[in-house]
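Residue-level structure breakdown
The chain contents come next:
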Amino acid sequence: MQVEQMPFREPVRHGSLDFPLAVYRSHPNLHAEILFSHWHDEIELMLLTGGEATFQLDGASCRIKKGDMLVINSGVIHAGTSEAFRECAFIAVVFDPSLFAGMMDAEERHAYLDPLLSRHMALPVRLDTHNDAASSLATAIRTAAEDWLADASGSRAAMSAALLTLLAVSARQGWFVPRDGDRTGGEGLKCARIRHAMHYVQTHSHQSIDVEDMAARVHLSRFHFSRQFREVTGMTPLAYLTRCRMQTAETLLRDPDRRIMDIALDAGFGNASWFIACFRRIHGCTPAAFRSRMPDGGHSV
């Protein structure tokens, strides 16, 4: 079982088609932005294993500390920052609850799964750890996640059992809360627009696009789009575009035969000078220095 690093952006398949469940350990944090703003259809459990962090969930802030577990429901735009980022670490468990459909009868599916899959209900963002049931669940999930990352025998079964228990206990204890994020108006519509814009940026970041293009995609003026984008993601549209391009560049830098100038153009930066300046601002080093620290090394041009 391969241990993976948490991706900066979506879309990405978590786990496999027949087993949509994956566990990630956070990257070493080089700056305050410990998790780049993104969203996915799966549910994510964020287990903080060190330090403290503030997460934005569809624009709402939630601060957690070591030992806490944060629930990120499907479709929620989320990002994380930490003032003491060098001490901050987390494990993320990402899963599609439909994985468990075959393990339940019709009555159980109606009680446990349908509310989540239809997004009419959601798990609470934070479970009360003073509650014995919640505390036991958090411990079981954390233990299963550590076993998964250590490639321990039976870790897939243990993680599946822990998550299935989470759904069952949540239904039994009445922890499900009404889902507001997918309403057709108000905040729900705003978040849907921003998700659409984020997807557009992710798939077109290598092209010459600007804020006007993003705003036009969701039928908003530049002013209103920029304001709503920042409210939901915590960053400006241009900053998000730059980070998407940067993620592409980081992947391309793993090929030692690619020239820095070509990487800059392929990632959408337009020229090498702008790419290097942006890279240095985000990573604190040049692309060439970043490449030299990679496991396979590589030459720079």
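Quick notes on the rules
Residues numbered from 1 in each chain as written. Predicted model: local features only at pLDDT ≥ 70, side-chain atom pairs only at ≥ 80, totals over all residues. Heavy atoms only, no water. Helix = DSSP H or I, 4+ residues; strand = E, 2+ residues; numbered from the N terminus. Buried < 20%, exposed > 50% of the residue type's maximum accessible area, 1.4 Å probe, protein only. Pairing = 2+ DSSP bridges. Axes fitted to C-alpha atoms, helices over the stretch in contact; angles between N-to-C directions. Core = buried A, V, L, I, M, F, W, Y, C linked by side-chain atoms within 4.5 Å. Parallel < 35°, antiparallel > 145°, perpendicular 65-115°, else oblique. Contact = heavy atoms within 4.5 Å. Nonpolar A, V, L, I, M, F, W, Y, C, P; charged D, E, K, R; others polar. Expected span 1.5 Å × (residues − 1). Polar contact = N/O pair within 3.5 Å; in protein donor to acceptor, adjacent residues only side chain to side chain. Left-handed = near helix turned anticlockwise from the far one by under 90°.

**Description of unusual backbone geometry**
- A positive phi angle is found at Asp58, which is not glycine, with a value near 50°.
- Relative to the elements of secondary structure, Asp58 occurs in the loop between strand S5 (52–57) and strand S6 (60–65).
- Looking at Asp58, the relative accessible area reads 19%, which means it is buried.
- With a phi angle near 60°, His219 is a residue other than glycine that sits in the positive phi range.
- Within the secondary structure, His219 is located in the loop between helix H5 (211–217) and helix H6 (222–233).
- Residue His219 is classed as exposed on the basis of its relative accessible area, which comes to 73%.

**A look at the sheet that holds strand S8 (residues 78–81)**
- With respect to topology, 4 strands assemble into an open sheet ordered S3-S8-S5-S6, the strand pairing being antiparallel. A strand with exactly one partner marks an edge of an open sheet, and here the two such strands are strand S3 (33–38) and S6. The mean angle between the axes of side-by-side strands here comes to 20°, regardless of whether they run parallel or antiparallel.

**Describing the nonpolar core**
- Counting residues in each nonpolar core, the largest one holds 35 residues, and the members touching the most others are Leu21, Val23, Leu45, Val93, Met159 and Leu163.
- Among the secondary structure elements, those contributing two or more residues to this core are strand S2 (21–25), strand S4 (43–50), strand S7 (69–72), strand S9 (89–95), helix H1 (106–117), helix H2 (132–149) and helix H3 (155–173).
- One finds Tyr200, Leu220, Phe225 and Leu241 within the second-largest nonpolar core, a separate group that totals 22 residues.

**Details of the pairing of S3**
- Within S3, 5 of the 6 residues are buried, leaving the element largely enclosed by the surrounding structure.
- In the sheet, S3 pairs with S8 via 3 bridges, with the strands oriented antiparallel. Counterpart to Leu35 in the pairing with S8 is Gly80.

**Notes on the packing of helix H7 (residues 237–252) against helix H9 (residues 272–283)**
- One can describe the packing of H7 onto H9 by two numbers: an axis separation of 11 Å at closest approach and a directional angle of 95°. Classified by the angle between their axes, H7 and H9 sit roughly perpendicular to one another. Note on element contacts: H9 touches H7 through Phe275, Cys278, Phe279, Arg281, Ile282 and His283, opposite Thr242, Arg243, Met246, Ala249 and Glu250.
- Residue composition of the contact of H7 with H9, by class: 6 nonpolar, 2 polar and 3 charged.

**Concerning the environment of Cys244**
- Tracing the backbone shows Cys244 in helix H7.
- The class for Cys244 is buried, based on a relative accessible area of 0%.
- Measuring from C-alpha to C-alpha, the distance between Cys244 and His199 comes to 11 Å, with 45 residues separating the pair along the chain.

**Thoughts on the environment of Cys278**
- By the element assignment, Cys278 lies in helix H9.
- You can call Cys278 buried: its relative accessible area is 0%.
- With residues up to four places along the chain from it excluded, the contact list for Cys278 reads Thr242, Met246 and Phe269.

**Things to note about H7**
- Counted at 1.5 Å a residue, the expected span for H7 with its 16 residues is 22 Å, and the 23 Å between its end C-alpha atoms agrees.
- The element H7 is extensively covered by neighbouring structure, given that 13 of its 16 residues are classed as buried.

**Notes on the pairing of S7**
- Taking every second residue as pointing to the same face, both faces of S7 are buried, with Met69 and Val71 on one and Leu70 and Ile72 on the other.
- Relative to S7, S4 runs antiparallel, the two sharing 4 bridges. Considered in S7, the bridge of Glu44 is made with Ile72.

**Quick look at the side chain of Arg119**
- Within the fold, Arg119 resides in the loop between H1 and strand S10 (121–122).
- Within the local environment of Arg119, its side chain forms a polar contact with the side chain of Ser74, the two groups lying 3.3 Å apart.

**Describing the packing of H2 against H3**
- Relative orientation of the contacting elements H2 and H3 amounts to 160°, with a least axis distance of 8 Å. What the angle tells us is that H2 and H3 run roughly antiparallel. Crossing handedness for the pair H2 and H3: left-handed. Contacts between H2 and H3 pair Ala133, Leu137, Ala140, Ile141, Ala144, Ala145, Asp147 and Trp148 from the former with Ser155, Arg156, Ala158, Met159, Ala162, Leu163, Thr165, Leu166, Val169 and Gln173 from the latter.
- Partitioning the contact of H2 with H3 into residue classes produces 13 nonpolar, 3 polar and 2 charged.

These results come straight from atomic positions and should not be treated as a statement about function.
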